[in-house]
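Residues per chain, in single letters:
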Amino acid sequence: MLSTSSKRRTAKQPRAARASTKGDTRAAFLFLSPWIIGFLVFTLWPVGYSAYLSLTDYDVLNNPNFVGLDNYRQMLSDPKVSLALGNTIFYTVFSVPIHIIAALALALLLNRAGRAAGFFRTAFYLPNMTPPVAVGVMVLLLLNGQNGLVNSVLGWFGIQGPDWTTDPNWVKPGLILMSLLTLGGSIIIFLAALRAVPEELEESAKLDGANAWQRTLRIKLPMISGTIFFLTIVNTIAAFQSFTEAYTAFFGSGSSTYGNDAALFYGIYLFQQAFTFLHMGYASALAWLLFVVVLLVTLIQVRLSRRFVYYESAQP
Amino acid sequence: MTIKADNPTPPSVPQPKAATSPTPGQPEIRRKTSTPRKVSTGRKTATIATWLALGVVTVAFIYPLIWLISASFKPRSEVFDNRLIPATFAPENYVTVWQDAPIALWLGNTVLVTVLAAVTVTISSAMVAWGFAYYNFRGKNLLFGLVLGTMMLPGAVTMIPTFLIWNGLGMVGTLTPLWANNLFGSAFYIFLLRQFFLSLPRDLFEAAKLDGANNWKLFTHIALPLCRPALAVAFIFEFQASWTDLMRPLIYLRDESTFTIPRGLKAVLDQYGFGGNWHWETIVTASVITTIPMIVLFFIGQRHFVAGIATTGSKG
């Protein structure tokens, strides 16, 4: 526990040194106290209480009524759960790889853009600032089946665009397409990682006669595989919880309540159960299923990463 | 991914270099001095091609925003005409939406929540980060692991009990639940700021200590001023996150007069879209009003966004 400097002091004035270590711990905990309080009140207790609620019927107005595993049993037979889970997995399975590959490709391009890289980086990040609600509105506008911008552009090439917002088969692809607007963050992270690849590696490969494509595939990609892995995990977790864009575009209540089964993501169904129908117990059980699914997927990804990811520091 | 097959490559890459370097630096030097001209013409065309490709992508990224802004100045019948410059200029959309919806009130609420959220999370996270960065105490790594662990927990798990806490305190319907959690720090910013604090030379603080500075002074007078850029990153990120949040306003706000601007935009969409006769010009205009402050924020804090996001990735 003692740092070298305080050790030196121990020899001369042991009492002062001991006091300073104790003082250190006390000071540290004073600084940590906001987080500790927040953790206890807004994380630890909620996690425990949520686990308990998942075993009850609870509508906020009446006391929780213990029902054992009923909620979990109900989940198995609830067609909306499998629908929502299916939608969410579909969205995740397609949007994450597309996101990673597109961001990586653009970062590789940016990495060769020289002086202009800064400008393009800014331009790519700008749409990230669009509030997800506004992106939801843009889903309805730009992907409008008759005269939305996307279908108009497709029309230039003689392609008859689909009814993105009404055809159940095209709702999720439309949402995935719009989610590409938020590539900017990943592009910046990839670009930073690419710039950290030591130039000697590329230079020596060049001397060895490796062409640009080989250098990318065999040097740059392995060197940034840690970043690819990190972004894959982060984006997967986010995709499983996606809510706002789809909710804005396809769910809500005006004069009439509306919804769209094709866009019913798990987060939306959970939200509806909790706060529209006040099925707080059932919603808590749904939350725990989500937690388990996300955890499993993350663990699988971590396992796979051991085979695919190259960490420089791990090499002898 | 093909990374697996290439995995053995990086360690072996230095070898060719080792093979060339014993033969004195001549070939390398000649390369550097004699070829630049040839390379530069080839490189120039390559760079221009890169710029062109990036330019096309930039248009795809930026045009939706320009489309939105342009559409907000079009009359109802022309919203979907996909013209860049409105055929009929209709600035009255802004007057209409301002009169029909309490936009000013919503903007005021949002500014209040956003500033409180960003200020509190920056200060509290900095305190906690400092506690982790500067002091040594038993269980520090475990505790910090716990901080990072909370980032993995899906928000859905704690969402319902957290709602019950605010409900118990009688604060559902007020703006408080939208920001007060930030008093207790946030894992992501704690991580970010800790990285920054760790990069500060320790001698600086030891010297100040000898001059009689106490723990609090070390933090407020030396650490905080030095880490202004990182504080700006935390502030700006949270400002954006808070401004664009829809889920919490959906959960906690009931009365239209308490809405934030994203919640208000959703209400406008429900009222003028699904529940009304699709007054797109009003919806588009409200979307632009929601988005513009974020665009402004981006141009003010551009540098910090890029720096902050690049740091995020280095964790991977």
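Scroll up to find the structure this text is about.
In short, a report on the structure. (Residues numbered from 1 in each chain as written. Chains lettered and ligands numbered in written order. Predicted model: local features only at pLDDT ≥ 70, side-chain atom pairs only at ≥ 80, totals over all residues. Heavy atoms only, no water.)

Overview of the overall build of chain A
Per the secondary structure count, chain A includes 15 helices and four strands. Burial status across chain A gives 52% buried among its 316 residues. A separation of at least 24 residues holds for 66% of the contacts in chain A among residues at least 6 apart in sequence. In the form shown here, chain A has an accessible surface area of approximately 14900 Å², with 61% of it arising from carbon and sulfur atoms. (Helix = DSSP H or I, 4+ residues; strand = E, 2+ residues; numbered from the N terminus. Buried < 20%, exposed > 50% of the residue type's maximum accessible area, 1.4 Å probe, protein only. Contact = heavy atoms within 4.5 Å. Areas by Shrake-Rupley, 256 points an atom, 1.4 Å probe, with all protein chains shown as cover.)

What to know about the overall build of chain B
Along its length, chain B carries 16 helices and zero strands. Split into buried and exposed, the 316 residues of chain B put 49% on the buried side. Considering only residue pairs separated by 6 or more positions, chain B has 69% of its internal contacts joining residues 24 or more positions apart. Element-wise, carbon and sulfur atoms account for 65% of the exposed surface of chain B, whose accessible area totals about 14900 Å².

Details of empty space enclosed by the protein
All names here are of chain B. Tallying each qualifying case throughout the model produces three cavities of 30 Å³ or more. Here the largest cavity is characterised by a volume of approximately 60 Å³. Lining of the largest cavity is provided by Thr110, Val113, Leu178, Ser242, Asp245, Arg248, Pro249 and Thr260. Residue composition of the lining of the largest cavity, by class: three nonpolar, three polar and two charged. Lining the second largest cavity, in full, are Leu65, Leu68, Ile69, Val288, Thr291, Ile292 and Ile295. (1 Å grid on protein atoms, 1.4 Å probe; cavity = no way out; pocket = protein on both sides within 12 Å on 5 of 7 lines; lining within 4 Å. Points joined across faces, edges and corners; volume = space filled by probe spheres on them. Nonpolar A, V, L, I, M, F, W, Y, C, P; charged D, E, K, R; others polar.)

A few points about a nonpolar patch on the surface
Residues and elements named next belong to chain A. A cluster of nonpolar side chains, Ile89, Phe90, Val93, Phe94 and Ile98, forms an exposed patch at the surface whose accessible area comes to about 400 Å². Structurally, Phe90 is set in helix 4 (residues 79-111). Overall, the relative accessible area of 32% leaves Phe90 in the partly exposed class. (Patch = residues over 30% accessible without salt bridge, like charges linked within 9 Å, V, L, I, M, F, W, Y side chains within 5 Å. Salt bridge = Lys/Arg side-chain N within 4 Å of Asp/Glu carboxyl O.)

Re the side chain of B:Thr258
Residue and element names in this part refer to chain B. Tracing the chain through its elements places Thr258 in the loop between helix 14 (247-252) and helix 15 (261-274). Of note is the side chain of Thr258, whose polar atom sits 2.6 Å from the backbone oxygen of Asp255. Beyond its immediate sequence surroundings of up to four residues, Thr258 is in contact with Asn109, Gly173, Leu175 and Leu253. (Polar contact = N/O pair within 3.5 Å; in protein donor to acceptor, adjacent residues only side chain to side chain.)

Thoughts on the environment of B:Ser70
Residues and elements named next belong to chain B. One can find Ser70 in helix 5 (residues 36-71). Here Ser70 falls in the buried class, since its relative accessible area comes to 7%. Ignoring sequence-local partners within four residues, the contact set of Ser70 consists of Arg83, Leu84 and Pro86. A distance of 3.3 Å separates a polar atom in the side chain of Ser70 from the backbone oxygen of Arg83. For Ser70, the side chain forms a polar contact with the main-chain oxygen of Leu84, separated by 2.7 Å.

Some remarks on helix 14 (residues 266-276) of chain A
Within helix 14 of chain A, ten of the eleven residues are buried, which leaves the element mostly enclosed by the surrounding structure. Three or more residues of helix 14 of chain A are buried, namely A:Tyr266, A:Gly267, A:Ile268, A:Tyr269, A:Leu270, A:Phe271, A:Gln272, A:Gln273, A:Ala274 and A:Phe275. If you follow the buried residues of helix 14 of chain A, they end up packed against helix 4, helix 13 (244-250) and helix 15 (280-308) of chain A together with helix 9 (155-168) and helix 14 of chain B. Positioned one or two residues after helix 14 of chain A, A:Leu278 has a phi angle of 55°, which is positive.

Here's the deal with the packing of helix 12 (residues 215-226) of chain B against helix 13 (residues 228-244) of chain B
Residues and elements named next belong to chain B. At their nearest, the axes of helix 12 and helix 13 sit 5 Å apart, and the two run at 70° to each other. When the interaxial angle is binned, helix 12 and helix 13 end up roughly perpendicular. Taken together, the residues of helix 13 that come into contact with helix 12 (itself represented by Leu224, Pro225 and Leu226) are Arg228, Pro229 and Leu231. Looking at the contact of helix 12 with helix 13 residue by residue, the classes come out as five nonpolar, no polar and one charged. (Axes fitted to C-alpha atoms, helices over the stretch in contact; angles between N-to-C directions. Parallel < 35°, antiparallel > 145°, perpendicular 65-115°, else oblique.)

So, the environment of B:Ser72
Residue and element names in this part refer to chain B. Looking at where Ser72 falls in the secondary structure, it is placed in the loop between helix 5 and helix 6 (92-100). Taking the relative accessible area as the measure of exposure, Ser72 reaches 0% and is therefore buried. Ser72 sits 17 residues away from Phe89 along the chain, and the two C-alpha atoms are 9.5 Å apart. Ignoring sequence-local partners within four residues, the contact set of Ser72 consists of Ala90, Asn93, Tyr94, Val284, Thr285 and Val288.

Some words on the packing of aromatic side chains
Overall, the coordinates contain 48 aromatic pairs over all chains when judged by the stated rule. With a centroid separation of 5.9 Å and an interplanar angle of 20°, the aromatic rings of A:Phe31 and B:Tyr135 are classed as stacked. Taken together, the residues A:Phe31 in helix 2 (residues 14-53) and B:Tyr135 in the loop between helix 7 (103-134) and helix 8 (140-152) connect one chain to another. Side by side, A:Phe31 and B:Tyr135 carry an identical accessibility label, which is buried. Sitting above the plane of the B:Phe144 ring, B:Arg194 keeps its charged end 4.0 Å from the centroid. Above the face of the B:Tyr134 ring, B:Arg202 is positioned so that its terminal group lies 4.4 Å from the ring centre. (Phe/Tyr/Trp six-rings, centres within 6.5 Å; stacked < 30°, edge-to-face > 60°. Lys NZ or Arg CZ within 6 Å of the ring centre and 35° of its normal.)

Things to note about the interface of chain A and chain B
Contacts between the two partners involve 110 residues from chain A and, on the opposite side, 104 residues from chain B. Contact between chain A and chain B buries roughly 9600 Å² in total, counting both sides, with carbon and sulfur atoms accounting for 79%. When the buried area of chain A at its contact with chain B is split by residue, A:Phe31, A:Trp35 and A:Phe42 rank highest and sum to 9% of it. Inspection of the region where chain A meets chain B yields zero salt bridges. Across the chain A-chain B interface, the total number found is nine residue pairs in polar contact (both at pLDDT 80 or more). Ranked by residues supplied to the side of chain A that touches chain B, first place goes to helix 2 of chain A with 22 residues. (Buried area = accessible area lost by both parts, 1.4 Å probe.)

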